[in-house]
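Here are the chains, one letter per residue:
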Amino acid sequence: MNTIPTRSILEVVRDGAGRWDTRSIDLELGKRGAHIETGILADLRHLADQQLIREDDTEPRGTGPRWHLTELGAAWLDHGTSSGSS
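Source: prediction; values computed, not measured. (Residues numbered from 1 in each chain as written. Predicted model: local features only at pLDDT ≥ 70, side-chain atom pairs only at ≥ 80, totals over all residues. Heavy atoms only, no water.)

### Comments concerning the side chain of D21
1) Next: Within the fold, D21 resides in the loop between α1 (6–16) and α2 (22–31).
2) Next: Buried and unpaired, D21 has no salt bridge, with R23 as the nearest side chain of opposite charge at 7.3 Å.
3) Next: Side-chain polar atoms of D21 contact the backbone nitrogen of S24, separated by 2.8 Å.
4) Next: Of the polar contacts made by the side chain of D21, one reaches the backbone nitrogen of T63; its length is 2.9 Å. (Helix = DSSP H or I, 4+ residues; strand = E, 2+ residues; numbered from the N terminus. Buried < 20%, exposed > 50% of the residue type's maximum accessible area, 1.4 Å probe, protein only. Lys, Arg positive; Asp, Glu negative; His and termini not counted. Salt bridge = Lys/Arg side-chain N within 4 Å of Asp/Glu carboxyl O. Polar contact = N/O pair within 3.5 Å; in protein donor to acceptor, adjacent residues only side chain to side chain.)

This is how it looks when you write it as structure tokens:
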């Protein structure tokens, strides 16, 4: 897996709003300065295992599945923002 902060991945998934496939998320993370050594799929699946994001396996799949932020993922992002702004 890569050493990309969870917050960065969740923000990209949120900003993609379910429209971005795995490759699009990979490219967007690179644009935002993330250092990606290997494919991002393992990182995304790890966050899905933690139920912070979910995979959309409906067609069209593009280059990998599309990803959506879950309510838990959104709460995780909101909590981090709230505690950081105090």
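### As for the environment of Q51
1) Next: When you line up the elements, Q51 lands in the loop between α3 (41–49) and β1 (53–56).
2) Next: Put simply, Q51 and G73 are 22 residues apart on the chain and 7.2 Å apart in space, counted from C-alpha to C-alpha.
3) Next: In this structure Q51 touches T70, L72 and G73, once residues within four positions along its chain are discounted. (Contact = heavy atoms within 4.5 Å.)

### Structural notes on α2
1) Next: Considered for burial, the residues of α2 that qualify are T22, I25, D26, E28 and L29. Down the axis of α2, the buried set is contained in an arc of 165 degrees. They therefore lie on one face.
2) Next: Against α1, α3 and β2 (66–69) lie the buried residues of α2.
3) Next: Positive backbone phi, approximately 95 degrees, marks G33, located one or two places after α2. (Arc of directions from axis to C-beta.)

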